[in-house]
Structure formats: structure tokens, C-alpha cells
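Report on the structure
What follows is each chain in one-letter form.
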Amino acid sequence: MTHPFLDLAPLSAARFASVEDRVARLLDTRQDVVIMQGEALLPLEGAIRGTAAPGTTALNVITGPYGQTFGDWLRDCGATVIDLAVPFHTAATAGQIRAAFTEHPEIGFVSLVHAEAATGNTNPVAEIGEVVREHDALFYLDAVASVGAEPVLPDAWGVDLCVIGAQKAMGGPAGISAVSVSERAWARMAANPKAPRRSYLSLLDWKERWLDGGRKALPHAPAQLEMLALEACVERIEADGLDTVMARHASAAAATRAGAVALGAGLEPYVHEAREAAPVATTLRTPAGVVASELVERALASDPALPLAAGGGALAKEMIRVNHYGADATPGAVRGSLTALGAALAERGLDVDLTGALRAGEQAWR
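Predicted model only: the values in this text are computed from it and were never measured. (Residues numbered from 1 in each chain as written. Predicted model: local features only at pLDDT ≥ 70, side-chain atom pairs only at ≥ 80, totals over all residues. Heavy atoms only, no water.)

**Remarks on empty space enclosed by the protein**
Rules: Any residue with an atom within 4 Å of a point lines the site, the site being either a cavity, points on a 1 Å grid over the protein atoms alone where a 1.4 Å probe fits but cannot get out, or a pocket, an open set with protein on both sides within 12 Å along at least 5 of 7 lines. Grid points are joined across faces, edges and corners, and a volume is the space filled by probe spheres set on the points. A run of H or I in DSSP counts as a helix once it spans at least four residues, and a run of E counts as a strand once it spans at least two, with each numbered from the N terminus. Classification convention: Asp, Glu, Lys, Arg as charged; Ala, Val, Leu, Ile, Met, Phe, Trp, Tyr, Cys, Pro as nonpolar; all other residues, Gly among them, as polar.
The full count for this structure, using the stated rule, is one cavity of 30 Å³ or more. Taken as a whole, the largest cavity encloses approximately 50 Å³ of empty space. Together, Val23, Ile164, Gly165, Ala166, Ile176, Ser177, Ala178 and Leu230 line the largest cavity. Secondary-structure elements contributing two or more residues to the lining of the largest cavity are β8 (161–165) and β9 (177–181). By residue class, the composition of the lining of the largest cavity is six nonpolar, two polar and no charged.

Structure (C-alpha cells):
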């Protein structure tokens, strides 16, 4: 008995390398790209542990929960960490980064999340990258949520370590991820006596056993199904055109934001400025006295497939996330989400304008 998911010929090293090359083209990078066999937390942690040697002074920008995690890893590596905490309703600025360097010129590592799907903000990486380059610090970027929804350009922005995952805007698998690595970052790892070696977290193992050998022999059996799914999602993006895919996400964000404002009842965008709002997901603040998690639960009762979620942790009381990414970056997903939220608010006796919300959403779709 055969099965299309099980009885597959082994994935060759050449095919594995070809997928890496396609990911590199997606990022418009000439840096080395390593596809790692696990969810994006694997290269996110591996890149920090490889480059943040004891004695490193790191500027860790916090615009959401992942920035907090990066700070924990950096401290565990023996780094001195300067946390730049930015309110979740806004984004970091190049001016804030420059001020941090002025106060702490010893900073040699900067960690930043591009788009925070959890809080709905997106950071101006190009502008921040200019400041980081001026001070010759290593630049680490989490672009897991942003890739496919907005431009991600490691070379143009001076990013030394750029981690991506396929499970959000790319519309691909969650069990595999990738990181682009600059020559500066490789050198920093090679000089770090605490960099993971002979470890699942080790990027140096991939460099020495895979890249330095000309990508002829894989260091271990690949995650075959995830690799094929990643290949398929990259093919789909290539067929549609990356600009088209990003435009869909931008339209979904604009339509959701406009529709939520028009809906009324006190529902409002969590991120104050539209230019600081991530195209991958829109976060909304609930009206006073309305618990976000309860409102989402009621909205999902009408259609559990809608891309709605409450914020994590304490944000579950006040934040709704509309995760309009990947397959849900569509007018239908936006209309469905606005309709379900409008009905849930109306059940609580609040005055909503669903017709106006749907009209505003349609008009905002670009």
C-alpha cells in the first residue's frame, strides 16, 4: 500500500540546495542562506547563541513578546543587554536607536523584530539599519511574520542575520525555517568560544558540514515533507509575484483597519498610526468593559475558521488580532471578520454600523 506523503524518494542534496537558492532570491540576498529543520525559534535562538559571545553589549529592541525572549537568550549567553522597550501601540524609530548608541557606544549587537504579529506593529528596518551600520554593530532581524507581507531586504538594509518562517504571510509550513548569514556574522560565530557546536542549534555545523563542502552532502536526513511544502509555497509566490502577494496583505490590513473604524461601538486600531501597523495582522482595542477574549469567542461561534484571536497574556483582555495573512489575505476573510465582530458587539447592546464597515473595507482594498 502506497501513500503520497510517505512513499517518497529521498530528497537529494541538490534539491535541498535549490530550495535554499529560491529562498535567497525571495530575500534578494547574496548572503548564505541556511534552511533549518525546525520552526523559526530554532534559527532565532541559534543565531543569537552563535554570535552573542560573553562580554557582548547588545541593544535589544522590544516591541512585543519576541523581543522579550531575545533579551533572555542574550543574557543567558553572557551578554550585557540594554533593553529598548517601545509601547506596543507604536514602532521603534531610528532616532531611538541612535540615542541608545550615543549613550552606550560599546553596543556591538542589535536585535529587532521586523513585524510583530502578536501586537500588530512593524518597525522601519531600513532606517534603523542605517544607524546600526554607522556604528558597525551586528544586526539581527526576526522577519518571520513580515516576509511575504512587506519587503524584507537583508543586503540593502545591512542585516547580518535575518530569520524567516513560512507559516504566516508566505502561506507555507510551520516546521521549517531559514536564516541568511553575512560574512561578518560567520566571523563573529567562528570567534565565539561559546557558539553551539555539534548541536541542533549550531549554525557553524551547517556551515562546515554543508556550505563549506559545496552543498554536496546533507549533514543529516532532511525534514522531507516540510521541505517539499516550503518549495511549493515559494513556487506559488514566484507564480503570483512577490509584489502581488505583498499587495494583498497591504490591502487586507487597510481594509480591516478602515472597516473596524467604521464599525464603531468603540472598537479602534490598537496601533495608533497606520504607517506603523503591520500588514500581516491588524490588532484592535476593544471598547471599555468588553473583554477581548470573550468577544472573539462569541465571534468565532458563527465561523470557527475566521482568522480572529485574542491577544496573548494580559492583552487577552483588551486586544483582538485579525490574522489576515497567507490564505486569509482576502476580501472574504476581512468581510467575515468584520461581520462576526459586528454581530458579537451588537449582542452586547453596542451600536454598530456593519453596512458602513463593509463599505469602508471594500473601498480601502487597493
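**Some points on the sheet that holds strand β10 (residues 268–269)**
What counts is decided by this rule: Here, any two strands with at least 2 DSSP bridges between them count as paired. Contacts between residues were defined by any pair of non-hydrogen atoms, one from each residue, lying within 4.5 Å. Axes here mean lines fitted to C-alpha atoms, for a helix over just the part in contact, with angles spanning 0 to 180 degrees between N-to-C directions.
Reading across the sheet, the four strands line up as β10-β11-β13-β12 and stay open at both edges, with antiparallel pairing between neighbours. Of all strands in the sheet, those with a lone pairing partner are β10 and β12 (308–310), marking the two edges. Together, β12 and β13 (319–322) form the strand contacts of helix α11 (residues 292–302), whose direction differs from that of β12 by roughly 155°.

**Focus on the nonpolar core**
Note the cut-off: In this description, a nonpolar core means a group of buried Ala, Val, Leu, Ile, Met, Phe, Trp, Tyr and Cys residues linked to one another through side-chain atoms lying within 4.5 Å. A 1.4 Å probe rolled over the protein chains alone gives each residue an accessible area, and that area as a share of the maximum for its type sets the label: buried under 20%, exposed over 50%, partly exposed in between.
In terms of nonpolar packing, the biggest core is built from 81 residues, with Met170 and Leu230 touching the most fellow members. If one sorts the elements of this core by residue count, helix α1 (residues 13–26) sits on top with seven residues. Setting aside chain neighbours within four positions, we find Met170 in contact with Leu26, Val147, Ile164, Gly165, Leu230, Cys233, Val234, Arg236 and Ile237. Ala260, Leu284, Val296 and Val322 belong to the second largest nonpolar core, which has 19 residues in total.

**Quick word on a nonpolar patch on the surface**
So the rule is basically this: Surface patches are defined over residues having more than 30% relative accessible area and no salt bridge, joining like charges when they lie within 9 Å and nonpolar side chains (Val, Leu, Ile, Met, Phe, Trp, Tyr) when within 5 Å. Per-residue and other accessible areas were derived by the Shrake-Rupley procedure at a 1.4 Å probe size, with only the shown protein chains allowed to occlude residues. Salt bridge, as applied in this entry: a Lys or Arg side-chain nitrogen positioned within 4 Å of an Asp or Glu carboxyl oxygen.
Taken together, the side chains of Phe5, Leu6, Leu8 and Leu225 present a nonpolar region at the surface, about 410 Å² in accessible area. Looking at the secondary structure, you find Leu8 in the segment before α1.

**As for the layout of surface pockets**
Taken as a whole, the largest pocket spans an internal volume of roughly 250 Å³. Broken down by secondary-structure element, the contributors of at least two residues to the lining of the largest pocket are α10 (242–263) and β11 (282–285). Residue contributions to the lining of the largest pocket peak at four residues, all from α10. For the lining of the largest pocket, a count of residues per class yields nine nonpolar, four polar and four charged. Computed from the structure, the second largest pocket encloses a volume of approximately 220 Å³. Surrounding the second largest pocket, 18 residues form its lining, Tyr66, Ala117, Val144, Ala145 and Lys168 being those nearest its centre. Of all the elements in the fold, those that place two or more residues in the lining of the second largest pocket are α2 (41–51) and β5 (115–116). Grouping the constituent residues of the lining of the second largest pocket by class yields eleven nonpolar, two polar and five charged.

**As for the sheet that holds β9**
An order of β1-β9-β8-β7-β4-β2-β3 is seen for the seven strands of this open sheet, with the pairing classed as mixed. Both outer strands of the open sheet, β1 (32–36) and β3 (80–85), are each paired with one neighbouring strand and no more. Neighbour to neighbour, the strand axes of the sheet diverge by 15° on average, direction disregarded. In terms of strand pairing, strand β2 (residues 57–62) meets β3 through six bridges, oriented parallel. Looking across to β3, one finds that Thr57 is bridged to Thr80. Running over the sheet, helix α3 (residues 65–76) touches β2, β3, β4 (109–113) and β7 (138–142) and is turned about 165° from β2.

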